[in-house]
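Overview (structure and organization)
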Amino acid sequence: MKSPIVGTFYEAPQGGGEPFVTVGQRVAVGDVLGVVEAMEVANHIEANKEGVVTARLVKDGAPVEYDEPLFTIA
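Just so it is clear, the structure is predicted and the values come from calculations on it, not from any experiment. Along each chain, residues carry numbers from 1 onward, in the same order as the chain's sequence is written. Residues qualify for local features only when their pLDDT is at least 70, as the model is predicted, and side-chain atom pairs are given and counted only at 80 or more; totals for whole chains, interfaces and linings, by contrast, use all residues. Hydrogens and water molecules were not included; the side-chain quantities draw on all heavy atoms of the structure.

1. Re the sheet that holds strand β6 (residues 63–64)
- Within the open sheet, the four strands sit side by side as β4-β3-β1-β6. Their pairing is antiparallel. In the strand order of this sheet, the two ends are held by β4 (41–46) and β6, each with one partner.
- For two strands to pair, DSSP has to find at least two bridges joining them. Segments assigned H or I by DSSP are reported as helices when at least four residues long, segments assigned E as strands when at least two residues long, and all are numbered from the N terminus. Looking at chain direction, strand β1 (residues 7–10) and β6 are connected through two bridges and run antiparallel. If you follow T8 over to β6, its bridge partner there is P63.

2. Some points on the environment of A47
- As for its position among the elements, A47 is in the loop between β4 and β5 (51–56).
- Exposure classes here rest on a 1.4 Å probe applied to the protein chains alone. A residue is buried below 20% of its type maximum, exposed above 50%, and partly exposed in between. Judged by relative accessible area, which is 4%, A47 ranks as buried.
- Along the backbone, A47 and I73 are 26 residues apart, and their C-alpha atoms lie at a distance of 8.5 Å.
- The contact definition used throughout considers only heavy atoms, calling two residues in contact when any of these lie within 4.5 Å. Leave out the neighbours within four places in its chain, and A47 touches M1, V27, A28, V29, G30, D31, L33 and I73.

3. Comments concerning the pattern of salt bridges
- Salt bridge, as used here: a side-chain nitrogen of Lys or Arg that lies within 4 Å of a carboxyl oxygen of Asp or Glu. Evaluated as defined, the whole model comprises one salt bridge.
- Here R56 and E11 are joined by a salt bridge, their closest N and O atoms 3.1 Å apart. With R56 in strand β5 and E11 in the loop between β1 and β2 (26–27), this residue pair connects regions lying 45 residues apart in the sequence.
- On the accessibility criterion, R56 (37% relative accessible area) is partly exposed.
- Overall, the relative accessible area of 19% leaves E11 in the buried class.

4. Topic: the pairing of strand β3 (residues 32–38)
- For β1 and β3, the ladder comprises three bridges, and the chain directions are antiparallel. Its bridge partner being in β3, T8 is matched across the sheet by E37.
- As paired elements, β3 and β4 share six bridges and run antiparallel to each other. Pairing of A38 across the sheet is with V41, part of β4.
- Taking the residues between adjacent antiparallel strands as the criterion, β3 and β4 are bridged by two residues, where M39 takes a positive phi near 55°.

5. Things to note about unusual backbone geometry
- You will see that M39, though not glycine, has its phi angle at about 55°, which is positive.
- With respect to the secondary-structure elements, M39 resides in the loop between β3 and β4.
- Non-glycine residue E40 carries a positive phi angle of around 65°.
- Along the polypeptide, E40 turns up in the loop between β3 and β4.

These figures capture arrangement, not role.
Structure, rendered in structure tokens:
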């Protein structure tokens, strides 16, 4: 999964909350994996394929670029 926009990545809906997904978790198409905030708008990042999250490639609160890999799903 790659970031569709430039912004700040968040793994949970609220600071310090439970992450949307964890490594090893099975996801379906459309499941929310995280949020990229851009210009104070939270953009949900949704899985584009079914599988198991094998890695989260960015840290919570990190800036991300357009097309930057965020997760691997196998």
